[in-house]
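The primary structure of each chain is shown beneath.
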Amino acid sequence: MEDLITCKFGGTSLANACQVDKVRSIVESDERRRYVVVSAPGKDGTDDEKVTDHLFNIATGGKHFKDQHKDIPPHDSFSRVSGKFKKLVTDLGIEGSDILKDLEADLRRDMPQEKRVDFIASRGEHYNAKVITRYLQSKGFNASLRLPEDIGIVVSEDFSDARVLPESYARLKELRDADGIAVIPGYYGTTRSGDVAVFSRGGSDLTGGEVAYSIDSALYENWTDTDGVYQVDPRLVPGAEVIPRLTYKEIRLLSSKGFDIFHFNAMINCKKRKIPIHIRNTNNPDSDGTLIVSERVPEETAVGIARLDDVAYIYVEKDGLAEVIGATKDVLDILKEYSVHTYHYPTDKDDLAILVDQNDLMGKADVLREEIDKALCPDVLDMIYNISVISPVGIGMKENPGILAQAATALKNENINIEIVDQGPAQISFHFGMQRYYADDALSALYRELIARD
Ligand code: ASP
């Protein structure tokens, strides 16, 4: 069977006509690129906000930006969205008055509020796909628009966090027989009753992953605005390089810890079919990018180091705590009830720490204290804030004794106190929790010791 490539282009890759033309040239340069999934236009020099954010702002009567302490009224968002599409159509030199008219009519459409939010939020992808299809056609491509509602992306009724339902796959597979290039808007599908529902934010990656899986793509290319996945955040550690190859497992460990590259649920199905995911830069298509594969032979120990800020931990101390069956579960149940996300839970004979997302504690600290007091009657109950967790990751670490010692020594040499230590059971990651003010130095020291020296 012919090798087919699914490529997904993110918002910055499609932010204006100049970017769209780069996409055209990428699609043109390899005839296997037959499935083109597109995001809504992202930020560029002319606007600090993404089209999708403006759409949420329109749909929520201005609440979306107000919650972020930004003063952008919904009618401003309306003009910016329609202005952005108008400019795109003009700059691309295509006839698009029908597209602009339909867009404005959709943005004014009256429907029940819970459905309207998702419908409006999806319009960025919907109309961008229309514009891009027309542009490719104007350049002589055999391209056609394939809307999720037509190709059978059927999703659950979880508005703003919809999931693709299994019946979608057989329908999507039919895309294999389609001629030419299919342009597919990302980020949304339709429910069994025909309503539009969007995925969680960044969800065009999910559409790309589901299309790649359904048609059994040889490759899923994820085109973005960086050269790939870096060993550590290059803004914090100059000299950090792009990682050429990573396993699905490694990228998951890196993404879940602050590597904000792409929606890692997009990998779940690709992993089942071992479809490699190639992260590439639309603005620098000659760079090698990062290839995510199911297996690789490691040539290094740690391949990357993730960092997560805004962590707090709840510390509970009581004599014999470890002998109380279910003590950890009791605390976790309380955190679940109050929607507090948790990360790690190191325990000992008489004490227990649960690392949580600090932002989730806002306004809940007192009631959590009361509940934990009631459940466990602890001798000490503390909440410690402003923790950073630094996590070296790499499948090569498992076979190499002494990495933890090496890492701890590097921190000792910088006089950095490690407050929390936790090694992942697969032995391909470990985590150091420390006060936030140590984190920059810790990251640099660990990078020098575990990666730059390799
Ligand atoms: N446009 C949507 C967002 O901004 C989805 C995406 O770009 O992946 O979240």
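Okay, the packing of helix H4 (residues 74-92) against helix H5 (residues 97-108) next. Running from N to C, H4 and H5 point in directions that differ by 165 degrees, and their axes come no closer than 10 Å. Between H4 and H5, the angle is such that the two are roughly antiparallel. The handedness of the crossing between H4 and H5 comes out as right-handed. Across the interface between the two elements, Phe78, Val81, Ser82, Phe85, Lys86 and Val89 from H4 touch Ile99, Leu100, Leu103, Glu104 and Leu107 from H5.

Attention now goes to the domain arrangement of the protein chain. You can read the domains of the protein chain as domain 1 (5-293) and domain 2 (304-452). Taken over C-alpha atoms, the centre of domain 1 sits 35 Å from the centre of domain 2. On the domain 2 side, the residues contacting the 16 residues of domain 1 number 16 residues. It is helix H11 (residues 248-255) that provides the largest number of residues to the side of domain 1 that touches domain 2, a total of four residues. Looking at the side of domain 1 that touches domain 2, its residues break down into nine nonpolar, three polar and four charged.

Another point: the pairing of strand E2 (residues 33-38). Most of E2 sits out of view: five of its six residues are buried. Relative to E2, strand E1 (residues 5-9) runs parallel, the two being bridged by five bridges. Bridge pairing in E2 links threonine 6 to tyrosine 35. What joins E1 to E2 is helix H1 (residues 17-28), and the crossover it makes is right-handed. Two strands pair when backbone bridges link them, and E2 and strand E4 (residues 181-185) are joined in this way by four bridges, in the parallel orientation. Across the sheet, residue tyrosine 35 finds its bridge partner in E4, namely alanine 182.

Neighbouring residues of the ligand: 13 residues in total, closest Ser39, Thr52, Tyr187, Arg201 and Ser204. When the residues that make up the shell around the ligand are grouped by side-chain class, the tally is two nonpolar, eight polar and three charged.

In this section: the sheet that holds strand E11 (residues 304-317). An order of E12-E11-E13-E15-E14 is seen for the five strands of this open sheet, with the pairing classed as antiparallel. Of all the strands in the sheet, the pair left with one neighbour each is strand E12 (351-357) and strand E14 (420-423). Between one strand and the next, the sheet's axes are offset by a mean angle of 35 degrees, whatever the strand orientation. Strand direction decides the pairing type here: E11 and strand E13 (residues 380-393), joined by 11 bridges, are antiparallel. Among the inter-strand pairings, arginine 307 is bridged to a residue of E13, identified as isoleucine 390. Helix H14 (residues 365-376) contacts E11 and E13 of the sheet and is inclined by roughly 105 degrees relative to E13.

So, about the sheet that holds strand E10 (residues 290-293). Here eight strands make up an open sheet; going across it, the order is E3-E4-E2-E1-E7-E9-E10-E8 and the pairing mixed. Across the chains shown, the open sheet's two edge strands, defined by having one partner strand only, are strand E3 (143-145) and strand E8 (245-247). Here the average twist between neighbouring strands, direction ignored, is 20 degrees.

Definitions and limits used
Residues numbered from 1 in each chain as written. Predicted model: local features only at pLDDT ≥ 70, side-chain atom pairs only at ≥ 80, totals over all residues. Axes fitted to C-alpha atoms, helices over the stretch in contact; angles between N-to-C directions. Helix = DSSP H or I, 4+ residues; strand = E, 2+ residues; numbered from the N terminus. Parallel < 35°, antiparallel > 145°, perpendicular 65-115°, else oblique. Left-handed = near helix turned anticlockwise from the far one by under 90°. Contact = placed C-beta atoms within 7 Å. Domains from an automatic or database assignment. Nonpolar A, V, L, I, M, F, W, Y, C, P; charged D, E, K, R; others polar. Buried ≥ 20, exposed ≤ 12 C-beta atoms within 10 Å, placed from the backbone. Pairing = 2+ DSSP bridges. Right-handed = clockwise from strand over helix to strand, strands pointing away. Near = placed C-beta within 6 Å.

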